[in-house]
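Descriptive analysis of the structure
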Amino acid sequence: MEKISFKKTYSPLNSEEIIAKQKAMMDQKRFEHCIGVSETSKKLARLNNYDEDKAALAGFIHDYAKQIPNEEFIKVIKEENFDPDLLNYNRAIWHGIVGTYFIKRDLKIEDEEILTAIYRHTTADSEMTTLDKIVFVADFIEPQRSFPGVEEARKVAFNNLDEGVGFELAHTLDFLVKNRQKIYPKTLKAYNKWAIKNN
Ligand code: DGI
Ligand code: FE
Ligand code: FE
């Protein structure tokens, strides 16, 4: 694993400070996942003519809030004017959307492009920027992911980022339906936008 650092942090905090704060928020396994997503985001950025250093930072912090307790998410949803419908979902949905609040608060990152990519990293959306797509897909295919189909997902995504998004959404919808989980409306909209063939 490469030693991680960022030239630009989009924050008054420097690279070491961002990394230390993030490390304190999660266990070692989750931290290593974040490094994997960072490296894969960088690779996807290079392939898609996007700023590699910015993608590496967004990928690294995407799960900053992953291990925050439910009560804290609920408090922030209620007090910080998040859509109350979020309360009908769970932490799988909250950690990205509400995670943007904790990233602004703790890491002092205000860059809208980075925050939007974190916001959309679990659910995706019908509108997605290049950075949104990079982080969404990198999360799914980073080197430590090992589900059946991950090799195909990597092949598709490294060949064409939009198709990588579509492949991932089809896989996620399939998983959610098989497990009789509620589909977040934006995930369904994203599926209709990115996963449909011959549209
Ligand atoms: O945070 P990670 O585990 O690295 O990955 P992630 O942020 O993509 O979260 C994946 C989880 O989110 C997985 O358990 C499926 C769940 N998820 C994604 N879309 C939806 C969803 N859960 C529900 N209930 N509804 C969705 O639309
Ligand atoms: Fe996540
Ligand atoms: Fe993740």
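Note that the coordinates shown come from a computational prediction; the quantities given were computed from them, not determined experimentally.

**Overview of the overall build of the protein chain**
When you go through the protein chain residue by residue, the secondary structure sums to eleven helices and zero strands. When the elements of the protein chain are put in sequence order from the N terminus, they spell out α-α-α-α-α-α-α-α-α-α-α. Taking the principal axes of its C-alpha atoms as reference, the protein chain extends roughly 45 × 40 × 30 Å. Split into buried and exposed, the 199 residues of the protein chain put 49% on the buried side. Here the analysis covers contacts within the protein chain between residues at least 6 apart in sequence; of these, 63% occur between residues at least 24 apart. Of the roughly 10300 Å² of accessible surface on the protein chain, a fraction of 49% belongs to carbon and sulfur atoms. Charge-centre separation for the protein chain: the mean point of 30 positive side chains lies 3 Å from the mean point of 32 negative side chains.

**A short note on helix α2 (residues 28-47)**
Compared with the 28 Å implied by 1.5 Å per residue over 20 residues, the 29 Å span of α2 between its first and last C-alpha is a close match. Structurally, α2 contributes buried residues whose contacts are with α1 (15-24), α3 (52-61), α8 (130-141), α9 (150-159) and α10 (161-178). Backbone nitrogen of K29 and a side-chain oxygen of the N-cap are separated by 3.3 Å at the start of α2; the cap is D27.

**Thoughts on the coordination of the iron ion (ligand 3)**
Every protein donor of the iron ion (ligand 3) is listed here as H33 (NE2), H62 (NE2), D63 (OD) and D139 (OD), and their distances to the metal cover 2.1 to 2.3 Å. A separation of 3.5 Å is found between the iron ion (ligand 3) and the iron ion (ligand 2), which share D63 as a coordinating residue. For the pair H62 and D63, a shared accessibility class is recorded, and that class is buried.

**A word on the coordination of the iron ion (ligand 2)**
At 2.1 to 2.2 Å from the iron ion (ligand 2) lie its protein donor atoms, namely D63 (OD), H95 (NE2) and H121 (NE2). Counting gaps between the donor residues of the iron ion (ligand 2) yields the pattern D-x31-H-x25-H.

**Some points on the packing of aromatic side chains**
Ring pairs (aromatic) are described by centroid distance and by the angle formed between their planes. One pass over the full model with this rule turns up seven aromatic pairs. Between F6 and F60, the aromatic rings sit 5.4 Å apart at their centres with planes inclined by 45 degrees, giving tilted as the arrangement. Here F6, found in the segment before α1, pairs with F60, found in helix α3; they are 54 residues apart in sequence, far enough to count as distant. Taken as a pair, F6 and F60 share a single burial class, namely buried. Measuring from centroid to centroid gives 4.8 Å for Y89 and Y184, while their planes differ by 85 degrees, and the two rings are edge-to-face.

**Here's the deal with unusual backbone geometry**
Even without a glycine there, the phi angle at N49 is positive, about 50 degrees. Relative to the elements of secondary structure, N49 occurs in the loop between α2 and α3. Assessed through its relative accessible area of 76%, N49 is described here as exposed. Unusually for a residue other than glycine, N81 sits at a positive phi of about 60 degrees.

About the thresholds
Residues numbered from 1 in each chain as written. Chains lettered and ligands numbered in written order. Predicted model: local features only at pLDDT ≥ 70, side-chain atom pairs only at ≥ 80, totals over all residues. Heavy atoms only, no water. Helix = DSSP H or I, 4+ residues; strand = E, 2+ residues; numbered from the N terminus. Buried < 20%, exposed > 50% of the residue type's maximum accessible area, 1.4 Å probe, protein only. Contact = heavy atoms within 4.5 Å. Areas by Shrake-Rupley, 256 points an atom, 1.4 Å probe, with all protein chains shown as cover. Lys, Arg positive; Asp, Glu negative; His and termini not counted. Charge placed at Lys NZ, Arg CZ, Asp CG, Glu CD. Expected span 1.5 Å × (residues − 1). Polar contact = N/O pair within 3.5 Å; in protein donor to acceptor, adjacent residues only side chain to side chain. Donors = N, O, S within 2.8 Å, 3.2 Å for Na, K, Ca; no water. Phe/Tyr/Trp six-rings, centres within 6.5 Å; stacked < 30°, edge-to-face > 60°.

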